[in-house]
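Geometric and topological summary
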Amino acid sequence: MKKINLTFALLAVSALFIVSCNGGEKKQTSETTATEVVKTGLGQSAVKDTVSAANVLQVAQSLDDFKTLVVAVKAAGVEDALVNTGPLTVFAPVNAAFDKLPAGTVEDLLKPENKSKLAMILKNHVAPANYPDTQLSKEAKKGRKLYMASGNYLVVEEKEDGIYVGGTKILKTVQVSNGWIHVIDNLLLPTE
Amino acid sequence: MKTIFKSLLALTIVSTILSSCGNGGDKGKQGALSGSAAEKVYVAPGEHDEFYAFVSGGFSGQLAVYGLPSGRLFKVIPVFSVDAEKAYGFNEETKPMLNTSHGFIPWDDSHHPDISQTAGELDGRWVFINGNNTPRIAKIDLTTFETTEIIEIPNSAGNHSSSFVTENTEYVVAGTRFSVPYPQRDMPIKEYKGNFKGALTFISVDPKDGTMDIKFQIMMPGFNYDLSHPGRGKSHGWFFFTTYNTEEANSLLEVNASQNDKDFIAAINWKKIEEYVNNGGGTKAPTNYAHNVYSDETHSATSTMKKEILIVNPSDVPGAIYFLPTPKSPHGCDVDPTGEYIIGNGKLAAELTAHSFTKMLAAIEGKKFDGEAYGIPILKYEDILGGVVKQPGLGPLHTEFDGKGYAYTTFFISSEVVKWKLGTWEVIDRKPTYYSVGHLMIPGGNSRKPFGKYVLAMNKITKDRYIPTGPEVTQSAQLYDITGEKMELLLDFPTIGEPHYAAGIPAELIKERSKKIYKLEENKHKYVVKTEAESKVVRTGNEVHIYMTMIRSHFSPDNIEGVQVGDKVYFHVTNLEQDYDVPHGIAMIGAQTSELLIMPGQTETFVWEPKQVGVWPFYCTDFCSALHQEMQGYVRVSPKGSNVPVTYTLDGDAIGAE
């Protein structure tokens, strides 16, 4: 974990230099932290907008439950995709879901050399589609599977105690500006 | 030792980064390469322009938004002409914006944008612009960049000496170019003299919400009122209008209106007239003109016909109006930032005349008149003259100011911009334009506080400046750097329609207030639905109202049956998105109107009158999302009198069903 923090700190520092090159008047303070998105010169996740409803990334960043997920999203470099116009349906694992993995797995996945592997896992949690919970019920009823950004299909089932996707229960549903977040407490690992 | 080595390395890295930035992080364009015109207009990808330029579209009837110095076009704001792209004048909500006493008028000729001011400085709240042909003044809200109000000007024709604002936007002013019979009536044209009048209209602007209302109209002699500008600073409270055709000719004006050695600038003490009117002065007269207002809450416009106007007869307010003799059919009428000099650009004159406001007041005080015209005292040219720029060029038209003591005047015939000095009247520099320049614009150049960095020249003739496009070629604007003693041509860029005139303002005064979305919860449109579950189809006689929603990436409902040939089908469509820059569009096959382009939180309506039996698709026209191509639906059209019931579904289920 220490290593990761260091990487972020370095990133923040180099970003500062880039910023000061772009426009002298846009001075950033040196308070930039690892969790804050540097606002200039990056992709769409750097757009300043306090008016629109929050998007997937902004909601995830605002909740402690998704701390690990957010770190993983950044390590995999997919934060711009999560603010894209989409629409996106994200099955968002809480921190506890990551804790269920064998010791050392998360640390391992966060290593730069495992970036694409991590991205693949994350993409298995995102459907490029608009699926509110009501629509997921319909998908279950009609036996339609969900096509995920990883290329895998996930099965949706409606059981007595709720909706299940890929065998894990949806605990909560949040509408966001670019789609839906469904909270889960298990990772949806890609089959291959 | 190791530590020292490390810090040395770090220092080297830092200094490398710094030196690669040019002047220590300063903008590279101000560095060693500052001599290059390309560097000065280059706005790097992702960077913002320093100024907004609101450039009128002339005969396009619209107002275009460009960035300076790049010359990039950002938006064409529909004002007086219909715009199928934005459904302006096509959807039910904006049709009332183009209503007039002559009915629905789908086009006009937009000329002089002017940005609202507070204490003589640009405040960036609104931009006003005049429609020449069917006289109107429009107001554009600079938070939404949409036309939100249009007021018709009665008793006026060729609304040209408009739409300039006073120092605190107390009034936006409209002067008639063509005098017309007052009141309008069936009469011989040759009886023009004495019977035709020139109306100067003062429209009050509500300081809170900008609502326009005609306060009074001064019924002046039947001259042509060409351009105008307000006094500022010491001359605040006055307004100056150039006139030509003081001969009162009604035919072959190019000869007959060029007979007098001097025409006039009309100096109007509007404060005095305002006081007269506030004390019950003036005559209420019957009239008929449209006042159209667009609401951001209902997302709809209303048009109200006004039936009364307050007319002021100049001779009833002595001491309020004077004529300043000005050589040879003056066109532009420009007031310097201090308010002392009123520049008359005599378009046929060999020199440029600057009247002195101080001398004008002294001459009025001393009652030194050179006769009168229709009861209005004429001051003596020599008594009020501040100075003359001798042999500056051919065909002077307009002057703007840099706030550093210099003025810049355009010359149509000699195709040039000439820089000269206020007070000494000496010519400092001249640069050619390509070709035949009309107006020029310095951001804030007709206010107390100009931003004298660039001047934009707007040309009337283009010829060989760009790769050709057949007989019709784009018109052209040219940007000059005016920070040095000599002007430097930086950039040509094409414009929409005719770049008649422009108003510029530092971007920072506007851009932070620019609206991103309309709040769905604040939407008070008569036919709004705020959730998919509320979307529905209602038949009333042969009218079918579809209350439709749109969100990435579907319509609700998207399958509609029970519509019949001969029905009038209203699509009331609400964009449920609350995310910046996610508009949706909708178009219906065979609809004799335009698409709708609906911003987040907004509702718009189009009408479709199906003429053929069948199943007809509609679709989203704005590439909204990854599943944009899936955003579509069908309407089943049955023969007239069919018993197919009205049904509407999404994904095979009735709307609202879980």
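Model, not experiment: these values are computed from the prediction. (Residues numbered from 1 in each chain as written. Chains lettered and ligands numbered in written order. Predicted model: local features only at pLDDT ≥ 70, side-chain atom pairs only at ≥ 80, totals over all residues.)

The next point concerns the overall build of chain A. A tally of helices and strands in chain A yields eight helices and nine strands. Counting all 192 residues of chain A, 33% fall into the buried class. Long-range contacts, defined as pairs at least 24 residues apart, comprise 62% of the intrachain contacts of chain A with a sequence gap of at least 6. (Helix = DSSP H or I, 4+ residues; strand = E, 2+ residues; numbered from the N terminus. Buried ≥ 20, exposed ≤ 12 C-beta atoms within 10 Å, placed from the backbone. Contact = placed C-beta atoms within 7 Å.)

When helices and strands are tallied, chain B shows six helices and 47 strands. Taken over the C-alpha trace, chain B has a radius of gyration of 28 Å; the compact-globule value for 658 residues is 26 Å, and the two agree within 12%. The principal-axis extent of the C-alpha atoms belonging to chain B is close to 95 × 85 × 50 Å. Considering chain B as a whole, with its 658 residues, one finds that 50% of them fall into the buried category. (Rg over C-alpha atoms; globule rule 2.2 N^0.38 Å.)

Moving on, we get to the environment of Val155 of chain A. Residues and elements named next belong to chain A. Inspection of the secondary structure puts Val155 in the loop between β4 (153–154) and β5 (156–159). Separated by 56 residues in the primary sequence, Val155 and Asp99 have C-alpha atoms spaced 24 Å apart. Here Val155 is in contact with Lys145 and Gly166, once residues within four sequence places are set aside.

Moving on: the environment of Glu561 of chain B. All names here are of chain B. Within the secondary structure layout, Glu561 lies in strand β39 (residues 559–564). A residue is classified by how many C-beta atoms lie within 10 Å of it, and Glu561, with 19 of them, is partly exposed. When the C-alpha atoms of Glu561 and Thr649 are compared, they prove to be 9.0 Å apart, with 88 residues separating the residues in sequence.

Below, the discussion takes up the nonpolar core. Core analysis: the biggest nonpolar cluster contains 116 residues, and Ala53, Ile203, Ala267, Ile268, Val455 and Leu456 of chain B have the highest contact counts within it. Counting residues in hydrophobic clusters, the runner-up holds 42 residues, among them Phe66, Val70, Val73 and Trp180 of chain A. (Core = buried A, V, L, I, M, F, W, Y, C linked by C-beta atoms within 7 Å.)

Residue and element names in this part refer to chain A. Closest axis-to-axis distance for the helix α3 (residues 67–76)/helix α7 (residues 115–123) pair is 8 Å, and the angle between their directions is 130°. Taken together, the axes of α3 and α7 are oblique relative to one another. In this structure, α3 meets α7 at a crossing whose hand is left-handed. The segment α3 lies against α7, with Ala72, Val73, Ala75 and Ala76 engaging Lys115, Leu118, Ala119 and Leu122. (Axes fitted to C-alpha atoms, helices over the stretch in contact; angles between N-to-C directions. Parallel < 35°, antiparallel > 145°, perpendicular 65-115°, else oblique. Left-handed = near helix turned anticlockwise from the far one by under 90°.)

Buried accessible area, meaning the area lost when the parts come together, often serves as the stated size of an interface. Residue and element names in this part refer to chain B. Here chain B is partitioned into domain 1 (52–250 + 264–513) and domain 2 (520–654). Listed per partner, the contact involves 12 residues of domain 1 and 15 residues of domain 2. Of the residues in the side of domain 1 that touches domain 2, the class split is three nonpolar, four polar and five charged. (Domains from an automatic or database assignment. Nonpolar A, V, L, I, M, F, W, Y, C, P; charged D, E, K, R; others polar.)

When pLDDT is averaged along chain B, the result is 94; 94% of the residues meet or exceed 70. Overall fold confidence for the complex sits at a pTM of 0.88, while the interface term, ipTM, reaches 0.77. (pLDDT = per-residue confidence, 0-100.)

All names here are of chain B. With mixed pairing, seven strands are arranged side by side in an open sheet as β42-β41-β44-β45-β39-β46-β47. Looking at the sheet topology across the chains shown, the edges are occupied by β42 (596–598) and β47 (653–654). Here strand β44 (residues 614–619) runs beside strand β45 (residues 632–638); their pairing, made up of six bridges, is antiparallel. Each residue of the ladder has a partner; that of Gly614, found in β45, is Val637. (Pairing = 2+ DSSP bridges.)

Along α7 of chain A, the residues that are buried comprise Leu118, Ala119 and Leu122 of chain A. Projected down its long axis, α7 of chain A shows its buried positions confined to an angular sector of 100°, all on one face. (Arc of directions from axis to C-beta.)

Either a parallel or an antiparallel arrangement is found when strands of a sheet pair, and the pairing is made through backbone hydrogen bonds. Residues and elements named next belong to chain B. Pairing in this open sheet of four strands is antiparallel, and the strands run β21-β22-β23-β26 from one edge to the other. The sheet is open, and its two borders are formed by β21 (330–335) and β26 (385–390), each paired with just one other strand. The mean inter-strand angle of the sheet, taken between neighbouring strand axes irrespective of direction, is 20°. With respect to the sheet, helix α5 (residues 357–365) is in contact with β22 (341–346), β23 (351–356) and β26, its orientation differing from that of β23 by roughly 60°.

Consecutive side chains of a regular strand alternate in pointing toward one face of the sheet and then the other. All names here are of chain A. Looking at chain direction, β5 and strand β6 (residues 162–165) are connected through four bridges and run antiparallel. Bridged to Glu157 within β6 is Tyr164. The antiparallel hairpin formed by β5 and β6 contains two residues in its connecting segment.

Moving on, we get to unusual backbone geometry. Cis geometry is found at the peptide bond from Gly86 of chain A to Pro87 of chain A, where omega equals 5°. Note that Pro87 of chain A resides in the loop between α4 (79–82) and β1 (88–93). The step from Tyr434 of chain B to Tyr435 of chain B runs through a cis peptide bond, and the omega angle for that step is -10°. For Asn245 of chain B, which is not glycine, the phi torsion reads 55° and is therefore positive. According to the C-beta neighbour criterion, Asn245 of chain B is buried, with 25 such atoms within 10 Å. Phi is positive for Lys463 of chain B, which is not a glycine, with a value near 50°. Counting through the fold element by element, Lys463 of chain B comes out in the loop between β32 (454–459) and β33 (475–481).

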